[in-house]
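Here is what each chain is made of, one letter per residue.
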Amino acid sequence: SNGSGTLTLNNAALKNTPAFRAYAGGDQNVSDNTPTKVAISAEDFDTNGNFDHSTNYRFTPTVAGKYFVFGQVHCSNSSGQEINQSIVFIEKNGSELVKNTVDPHNSYRANDTANYLATLVDMNGSSDYLELWGQISVGSGTPKFGGGSTKTWFGAYRILGA
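Note that the structure is a prediction, hence the values are computed from the model and not measured.

Trainee: Can you help me understand the overall build of the chain in this one?
Mentor: Counting secondary structure elements, the chain contains one helix and 13 strands. Ordered by position in the sequence, the α and β elements of the chain form the string α-β-β-β-β-β-β-β-β-β-β-β-β-β. On the principal axes, the C-alpha backbone points of the chain span a range of 70 × 35 × 25 Å. Each of the 162 residues in the chain was classed as buried or not, and the buried ones make up 42%. Across the chain, contacts joining residues at least 24 apart in sequence account for 73% of those joining residues at least 6 apart. Of the charged side chains in the chain, 11 are positive and 14 negative; the average position of the first set lies 5 Å away from that of the second.

Trainee: How do you make sense of unusual backbone geometry when you look at a structure like this?
Mentor: Where the residue is not glycine, phi is negative for most of them; where a peptide bond is considered, it is trans in most cases. Of the consecutive residues Thr 17 and Pro 18, the connecting peptide bond is found in the cis state with omega at 5°. On the secondary structure map, Pro 18 appears in the loop between α1 (11-14) and β1 (19-23). Of note, Asn 33 is a non-glycine position whose phi angle comes to about 55°, a positive value. Along the chain, the position of Asn 33 falls in the loop between β2 (28-29) and β3 (36-37). With a relative accessible area of 41%, Asn 33 lands in the partly exposed category. Positioned with a positive phi, Asn 93 is a non-glycine residue whose angle comes to about 55°.

Trainee: Please explain the nonpolar core as it appears in this structure.
Mentor: General note: in soluble globular proteins, nonpolar side chains tend to be found buried as a group. Counting 25 residues, the largest nonpolar core has Ile 90, Leu 130, Leu 132 and Phe 154 as its most contacted members. When near neighbours in sequence (up to four residues on either side) are disregarded, Leu 130 contacts Tyr 57, Arg 58, Phe 59, Val 69, Ile 90, Glu 91, Lys 92, Leu 97, Val 121, Met 123 and Phe 154.

Trainee: Where do I start with the pattern of salt bridges in this structure?
Mentor: As a working rule, side chains carrying opposite charge can pair if their charged atoms are close by. Inspection of the entire model under this criterion finds six salt bridges. With its nearest N and O atoms 3.2 Å apart, the salt bridge here joins Lys 144 to Asp 27. Here the residue Lys 144 occupies a position in strand β12 (residues 143-145), and Asp 27 occupies one in the loop between β1 and β2, the gap between them amounting to 117 residues. Classification of Asp 27 as partly exposed rests on a relative accessible area of 49%. Where Asp 128 meets Lys 92, a salt bridge forms, and the shortest distance between an N and an O atom there is 3.7 Å. Taken together, the residues span a long stretch of sequence, with Asp 128 in the loop between β10 (112-123) and β11 (130-138) and Lys 92 in strand β8 (residues 83-92) at a distance of 36 residues.

Trainee: Can you help me understand a nonpolar patch on the surface in this one?
Mentor: A grouping of Leu 120, Tyr 157, Ile 159 and Leu 160 is seen on the molecular surface, where their side chains present a nonpolar patch of about 350 Å² in accessible area. Residue contributions to the nonpolar patch peak at three residues, all from strand β13 (residues 153-161). Here Ile 159 shows up in strand β13.

About the cut-offs
Residues numbered from 1 in each chain as written. Predicted model: local features only at pLDDT ≥ 70, side-chain atom pairs only at ≥ 80, totals over all residues. Heavy atoms only, no water. Helix = DSSP H or I, 4+ residues; strand = E, 2+ residues; numbered from the N terminus. Buried < 20%, exposed > 50% of the residue type's maximum accessible area, 1.4 Å probe, protein only. Contact = heavy atoms within 4.5 Å. Lys, Arg positive; Asp, Glu negative; His and termini not counted. Charge placed at Lys NZ, Arg CZ, Asp CG, Glu CD. Core = buried A, V, L, I, M, F, W, Y, C linked by side-chain atoms within 4.5 Å. Salt bridge = Lys/Arg side-chain N within 4 Å of Asp/Glu carboxyl O. Patch = residues over 30% accessible without salt bridge, like charges linked within 9 Å, V, L, I, M, F, W, Y side chains within 5 Å. Areas by Shrake-Rupley, 256 points an atom, 1.4 Å probe, with all protein chains shown as cover.

Here's what the structure looks like:
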């Protein structure tokens, strides 16, 4: 402020970048009750090119700060049979950061679930990375992560500087 009521802002400090939103380009069959990295292969946007949508399916931001990270995995059973349990988690540097579990087996039986999760996380801007994982347990059939921009997606954006 200049003392006369004029406030000058640093526009760079107000930008919520790096930021990305990406999604599974197609269905992904997975092994029963086995943690599996979700193949997030298509991008809606990626402001700094920090999301690898072709090999590692991970977000490695190049700017340090606090990030809001979110994801959803549509879990289903290809045979239409019931799901015993679906688990979705986001890992930071290979360790579980946040997890969402849906267990319809003993209450409201279902053959598909949508597990959503979100959290805040500090990222160092150089080596820290985030990945989306899922696990589906079925009695019979083939579990899969549903593809498409409205079913399975992953994203993050910086909310505060370091």
